[in-house]
Each structure stands twice: as structure tokens, then as C-alpha cells.
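For reference, the chains in residue letters:
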Protein chains: 2
Amino acid sequence: MPRIKEDPLAALLARPSPKAKSLIFTVYGDAISHRGGDAALGSVIALLQPLGVNERTVRTSMHRLAVEGWLQPRASGRRSDYRLTENGARRVDAAHARIYHHASRPWDRGWTLVVLGATELPAEVRQRLQRELGWLGFGRLEGGLMLHPDPDDEALRSLLGDVQLRVLVLRGAAASWVAGDLLDEVVRKGWDIARLTADYEAFLADFRPLWQALQRGGELEPERAFVARTLLMHDYRRVLLRDPMLPDELMPRHWPGAAARTLCRSLYLRVQAGAERYIESVLETAAGPAPGPAPSYLQRFGGLQSAA
Amino acid sequence: MPRIKEDPLAALLARPSPKAKSLIFTVYGDAISHRGGDAALGSVIALLQPLGVNERTVRTSMHRLAVEGWLQPRASGRRSDYRLTENGARRVDAAHARIYHHASRPWDRGWTLVVLGATELPAEVRQRLQRELGWLGFGRLEGGLMLHPDPDDEALRSLLGDVQLRVLVLRGAAASWVAGDLLDEVVRKGWDIARLTADYEAFLADFRPLWQALQRGGELEPERAFVARTLLMHDYRRVLLRDPMLPDELMPRHWPGAAARTLCRSLYLRVQAGAERYIESVLETAAGPAPGPAPSYLQRFGGLQSAA
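Because the structure is a prediction, the values reported are computed rather than measured.

### Some points on helix 7 (residues 153-161) of chain B
Residues and elements named next belong to chain B.
Reasoning step 1: Inspection of helix 7 places Leu-156, Leu-159 and Leu-160 among the buried residues, and these make up the whole buried set. Down the axis, helix 7 shows its buried residues gathered within 90° of arc, on one side only.
Reasoning step 2: Against strand 4 (110-115), helix 6 (123-135) and strand 7 (168-174) lie the buried residues of helix 7.
Reasoning step 3: N-cap assignment for helix 7: the residue whose side-chain oxygen lies 3.2 Å from the backbone N of Glu-154 is Asp-152.

### Topic: the interface of chain A and chain B
Reasoning step 1: Contact residues are listed per partner, giving 36 residues for chain A and 36 residues for chain B.
Reasoning step 2: Across the chain A to chain B interface the summed buried area is about 3200 Å²; carbon plus sulfur atoms make up 62%.
Reasoning step 3: Between chain A and chain B we count four salt bridges in total.
Reasoning step 4: Where B:Glu120 meets A:Lys189, a salt bridge forms, and the shortest distance between an N and an O atom there is 3.8 Å.
Reasoning step 5: If you look at where chain A meets chain B, you find 10 residue pairs in polar contact (both at pLDDT 80 or more).
Reasoning step 6: At the level of elements, strand 4 (110-115), helix 7 (153-161), strand 7 (168-174) and helix 8 (182-190) of chain A are the ones that each hand at least two residues to the side of chain A that touches chain B.
Reasoning step 7: The element best represented in the side of chain A that touches chain B is strand 7 of chain A, accounting for seven residues.
Reasoning step 8: Residues of the side of chain A that touches chain B, tallied by class, amount to 22 nonpolar, five polar and nine charged.

### Here we look at the pattern of salt bridges
Reasoning step 1: According to the stated counting rule, one finds 42 salt bridges over all chains in the structure shown.
Reasoning step 2: Salt-bridge contacts for A:Asp150 lead to A:Arg105; the nearest nitrogen and oxygen are separated by 2.9 Å. Taken as a pair, A:Asp150 in the loop between strand 6 (145-148) and helix 7 and A:Arg105 in the loop between helix 5 (86-99) and strand 4 lie far apart in primary sequence, 45 residues in all.
Reasoning step 3: In this structure, B:Arg128 and B:Glu132 form a salt bridge, with 3.4 Å as the shortest nitrogen-oxygen distance.

### Examining helix 2 (residues 20-32) of chain B
Reasoning step 1: For helix 2 of chain B, the buried fraction is high: 11 of the 13 residues fall into the buried class.
Reasoning step 2: Turning to helix 2 of chain B, its buried residues number three or more, namely B:Ala20, B:Leu23, B:Ile24, B:Phe25, B:Thr26, B:Val27, B:Tyr28, B:Gly29, B:Asp30, B:Ala31 and B:Ile32.

### Examining the pairing of strand 6 (residues 145-148) of chain B
Residue and element names in this part refer to chain B.
Reasoning step 1: Here strand 6 shows no split at all, with Leu-145 and Leu-147 on one side and Met-146 and His-148 on the other all buried.
Reasoning step 2: Where strand 4 and strand 6 come together, four bridges link them in antiparallel fashion. What sits directly across from Val-115, in strand 6, is Leu-145.
Reasoning step 3: Where strand 5 (residues 139-141) and strand 6 come together, three bridges link them in antiparallel fashion. Looking at the pairing, Arg-140 lines up with Met-146 of strand 6.
Reasoning step 4: Where strand 5 folds back onto strand 6 in an antiparallel hairpin, the turn is made up of three residues, including Gly-143, whose phi is positive at roughly 60°.

Conventions adopted
- Residues numbered from 1 in each chain as written.
- Chains lettered and ligands numbered in written order.
- Predicted model: local features only at pLDDT ≥ 70, side-chain atom pairs only at ≥ 80, totals over all residues.
- Heavy atoms only, no water.
- Buried < 20%, exposed > 50% of the residue type's maximum accessible area, 1.4 Å probe, protein only.
- Helix = DSSP H or I, 4+ residues; strand = E, 2+ residues; numbered from the N terminus.
- Arc of directions from axis to C-beta.
- Contact = heavy atoms within 4.5 Å.
- Polar contact = N/O pair within 3.5 Å; in protein donor to acceptor, adjacent residues only side chain to side chain.
- Buried area = accessible area lost by both parts, 1.4 Å probe.
- Salt bridge = Lys/Arg side-chain N within 4 Å of Asp/Glu carboxyl O.
- Nonpolar A, V, L, I, M, F, W, Y, C, P; charged D, E, K, R; others polar.
- Pairing = 2+ DSSP bridges.

Shape is all these values report; function is a separate question.
Put into C-alpha cells, the structure is as follows:
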């Protein structure tokens, strides 16, 4: 197939660079975890190089990630492999569930309320809970009332288990006579939907030109496909992790979240095979070439037509 | 039957007098409403006299109650009858439902939450709602979160209908993994149970001696029976209207509310017939003697053995 003449990645790469640590995390999640999970330091350096991160920065970042408990080194002769720690893998799994295996489920019109003001909690416990409930997508109303229409119950329970459950959690539904549009006001008050909308729109503005260029014909060479896929996943993950994943019924009209998901999936399907070829050519462990992709790889985004 | 030698009402009457307006309301509710509802001014004066309220005070108070919209005068020749206005009757009916026809119902372990902080409400509307929700027994947590385990839904809906329903109302249950004793803490935080306990204990301390004196034998003469019944109802109503009526499961051990109800009912049954005789001898309208008690009178407190 003919090569694309103008470089559709130029604009993406001209943006301020993402933080190297965060980009390494993306690469482990998207490019290494399904191929055994181990990577020689040299491979990580080779994978990050076309993304504009130099060797020295990769070495420093890998060291920091290990110190912080996200990566664990494993010496093998004179070389070192790095893999995600259990904590790191858990974080990647949680992100993968939202990115690759999103399934919108029907909303039962219920709400889960976490009433932090129902009992006396030490101020620092309360602040930590507010922050962590925010990561689970909970919105905040006055006075430590956090709510979500459809939260991850298991994650909620695991979070509140840490404080011996001295927090009132209720699941219920709005009274039948509550005005429908009142919930829109609750959503506007509890969540910064305007900011999230802007984030999704920025994502669309950044990646739509690449999609359009690819639609005009042509393929990216493997290294470029890998760069495209990695930047795509990196940006999408960052926006998605701030998305409270509210039911569609509660979102404003022209909400760009669904369009962003569609663009992300379409681009991923378009570039994934090329990216896998690049990964296969570069990824090694101390023991030799990394294994091929696990079968679960083919399940990403509802099913990839073929692996590398 | 032998008369009681020591006056068991002396201690009750030695207490600071209740406000005349409030006492007149009690008399209308307990002694007049079931006998046609009309009373000549002279009859009200005669009913209040043994309670220690003089004629001049009764006249002033009746006038004020009319100005405030609780009583309506009806001229009939040179005399005037007074009856409760529609508003006044509604207030009496609500009190009667709680006093005479209390039925504890099983609690479904649910909670109704009124989230005043879910939308922007003008400060004065919000303060009024907080106050009126308090009258409906709602407890208050931080940040305008009001809750009740088993509220009067009709009254709630009628209250919130006034503000075009711009208030989030949810009905739900605590998550199954919330610690049981956490609800005790919620109750302590949301309601002043200590004060309510003290009020019920004061009621018991005031009226238990009368019950004990009557148990030792003897009857009160009709006028004294009427005084006893009126003071009993007056005091009980005042405590009861501050009682949020929470399910028994949520109340502390040795909660005196049930004992107060039992004492109130027992005393009422003991003195009601004598009191009715007194009312019958005194109560008149401009048209002549007031009608006899309505059949519903016999349903008070689950059934009186006989009317006057």
C-alpha cells in the first residue's frame, strides 16, 4: 500500500510531551502486559525512543517507578527485566476494564449515597475518602455527601472496608414525584461535566485528523503505528479515568464521550496490527524474545480482527 | 365510691401554667371536636376555669386565635360560637392521628433522604424547609441533608410541592455491609434523642403519681377528671409533636417513649368517662346543649370501654 505523504503524527508529536513515567505505564499496559509482562530495560528504552523519550529519562523513570512500587526489577545475568508489581498490575487491569471492555449497562435509576457527615470521622480520613471516592467517579454535594448513580460496588466496598465501615452508604431511587430535570441540576452540581466535555473534545480534536488521514488511504509503518496507538491510549486513558461514567440518561445532549470512544476504538483497530509488529520486533526479556500476544489481546474493544 | 383524700392533681396544678392559647387548642381537640365542634364563648370560659385560666385571659386568647386563623367565630343572636377553622381542624386531625390512633408499623429498614444541597435554593426557602422537615420528624445531618427512616409520605410531598419540587428526595436502604451500630450513631447525630428522652421522663414523673393514686382506689369527680385528662393530653401532645417517631429498632435501650404512651392511654381510659360527664354538663352552643360524642370518640386509644 502507498505511504502517506504528510506525516499525520507530526501534530500529535508537536504537543508538550507526556510525563515519561506515565507514558511508561501506558506502554506496560498496552504493549507489554499481554506479551508475558516482562521487558528488558533495553526494550523499554527502544519502545520509548520513537515517542521522544531519551534513554537517560527512561532509566531514571524506571528506577522511580520501581521505588514507588509500580515496577519490580528482576536481575537475570547481567541484564534486568522489569514487570508490573501486583499493585501496578491491579491499576492496569482496572484501566483495561474501562478502556478495552467498556459495556454500558442499563441504569436502574438508582443512586448510591455515601454520607461522610453521618458519623464523626477524623478530618484526614474524611479528606482521603472524598479524594478516593472522586477517583471512583463519585460526585460531591455539600457537607460530605458523595453520590454516584451506578458505581463499582466492589471497589466501593473495598475502599470503605479500610475505615471499618464507619460510613453510611445508602442505595435508593429518587421519589417518583421528583421533577425529572432536577437530576440534571444535581449532575451539574456534583460533577465538573464542562471540564470533562472539554477534555473529550480536545481528545477528538487531537486524534480526528489522524483518523481522517488514514481514511484517505495508506498505512502507517509499524513504528509509527506503535507511536500512534500509544499516544492514543495514553490520552484516552487520562480522560477516561476522570470520567465518572454516569448513565447516558444523565449526560447533556451532544455529550462527546461516546464519539471519543468510537474514535478511539476505530483508530485502535486501524493501527493495532502494525503496532504489534513493531512491538514484536523490539520487545525482549533477558531470556530472549518476548512471547506472542495472549488470547485476551484479541478481545480488546469488543474484538480485534487479527493480532500482529 | 370513696373520694380520694389527698388531691392527686395538686402537684400537677402547682406547675407553671401552660399558655392559655395552647391549652384552648388542647380543649378544642380533646373535648369539643367530637361533640359537634362548636362552643359558645361562655362554655370555653367554663371549661378553662378549673384549669386556672381566668375569663379575661380566655377572651383575649380566643380573639387572638381567631385573628391567627385557628378559630372562627360565628355570631348567633347575641351570643357567639367558636369552632376550629379548616387549618385548625387539620392541625388537630394530625395530632389526633398520632395521639389516639398510633399504630407502630414494621420498619422496612429504608431511609428517606431530602438533599437540600442538591440544587440551588434561596436561603430563606431552605431554612423554612429545614424547619418544616424538622416538624415532620426529619433529622438533620451536615450540609442540608435531612433524613427519616419512615416519614409521613403524604405530608412530605405536600410540603415539597410548595417549592415546585426543586429538592432531591431519595428512598433507599443502607448497603448490606454497613455496620449495624453505625445507624445508632446516625440517630444520635441527626436527632436530639437525649432531650426527647428527658421530656418523656418528665412526663412520666408528672403523671405516674396520679395513676398510682387512682390505682390505690377511688374516682375523681367529673370536673377533676376533666382537668386531669386535659393536662394529660396537653403535656403528651407537646412531647409527642417533638417525637420524630423513629422505628423502635433505632431507639436506645430503656427508651421511655413506649412507657409514656402506655401511661397516657391507661390514664385516659381511667378518667375519660368522668371528664365527658363534666364536658356534657358545661358545653353549649348558641343553639343549646352541644351534641353527644361522635362514634369516632369511642375509637380513641384503640377503643374506650364506654363514653360518658
